Amino acid sequence: MDFRLMGFDAPLLHTLHNMLDTDDSDATKSVSAPTRTYVRDAKAMAATPADVKEYPNSYVFVIDMPGLKSGDIKVQVEEDNILLISGERKREEEKEGAKYVRMERRIGKFMRKFVLPENANTDKITAVCQDGVLTVTVEKLPPPEPKKPKTIEVKIA
């Protein structure tokens, strides 16, 4: 399938398409070639655009999720500082006698990972999906108290 026919001409998608078309039985396959899982995850991440905003007290991640229910979306924190947003958009059940004339809406898995800054409070994360837009808010930790200089008494020997 040529992605340019669907209106996609991004170099990343073209590279991923070529990687998927390689034959696994090829004896000359490079040892350092990416695995199918890596390629699948890279495609899922490339197809999930996001906006990230920083406010004085929080970070806000905004991702379009049209047609998805909250049960289709997972928001997780991995390794204490990686925000993972994933899920799957499934194809609608086909009705008897109906056939697709054109199919352009994306289906399948999606995923995004974001490395959170040190001042992100991973205990205070909220996620709201409204009108097809997922908004994940990560509160910031309060700034640390400035350390006061410690005075050491000098003794005369």
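Above this text you will find the structure in question.
Residues numbered from 1 in each chain as written. Predicted model: local features only at pLDDT ≥ 70, side-chain atom pairs only at ≥ 80, totals over all residues. Heavy atoms only, no water.

Asker: Teacher, can you tell me more about the layout of surface pockets here?
Answerer: Empty space among the atoms becomes visible once a probe the size of a water molecule is rolled across them. Estimates place the volume of the second largest pocket at around 570 Å³. In terms of lining residues, the second largest pocket is bounded by 24 residues, among which P66, L68, R89, R105 and R106 are the most central. Elements with a contribution of two residues or more to the lining of the second largest pocket: β2 (58-64) and β4 (82-89). Among the residues making up the lining of the second largest pocket, the classes are represented as ten nonpolar, two polar and twelve charged. (1 Å grid on protein atoms, 1.4 Å probe; cavity = no way out; pocket = protein on both sides within 12 Å on 5 of 7 lines; lining within 4 Å. Points joined across faces, edges and corners; volume = space filled by probe spheres on them. Helix = DSSP H or I, 4+ residues; strand = E, 2+ residues; numbered from the N terminus. Nonpolar A, V, L, I, M, F, W, Y, C, P; charged D, E, K, R; others polar.)

Asker: Help me understand the sheet that holds strand β5 (residues 108-115), please; the structure alone is not making it clear to me.
Answerer: Adjacent strands of a sheet pair through backbone hydrogen bonds, lying either parallel or antiparallel. Taken in spatial order, the three strands make up an open sheet running β3-β4-β5, and their pairing is antiparallel. Edge positions in the sheet fall to β3 (73-78) and β5, since each has one partner strand and no second. Shown here is a sheet whose adjacent strand axes are inclined to one another by a mean of 15°, direction ignored. With eight bridges joining them, β4 and β5 adopt antiparallel strand pairing. Across the sheet, residue E88 finds its bridge partner in β5, namely K109. (Pairing = 2+ DSSP bridges. Axes fitted to C-alpha atoms, helices over the stretch in contact; angles between N-to-C directions.)

Asker: When you look at the nonpolar core in this model, what are you seeing that I'm missing?
Answerer: When a protein is soluble and globular, its nonpolar side chains tend to lie buried together. Ranked by size, the top nonpolar core spans 15 residues in total, and within it F61, M65, I73, L83, I85, V136 and V138 carry the most contacts. Where this core is concerned, the elements lending two or more residues are β2, β4, β5 and β7 (133-140). Other than its neighbours up to four places away in sequence, M65 contacts I73, I85, R89, F110, C129, G132, V133 and L134. (Core = buried A, V, L, I, M, F, W, Y, C linked by side-chain atoms within 4.5 Å. Buried < 20%, exposed > 50% of the residue type's maximum accessible area, 1.4 Å probe, protein only. Contact = heavy atoms within 4.5 Å.)

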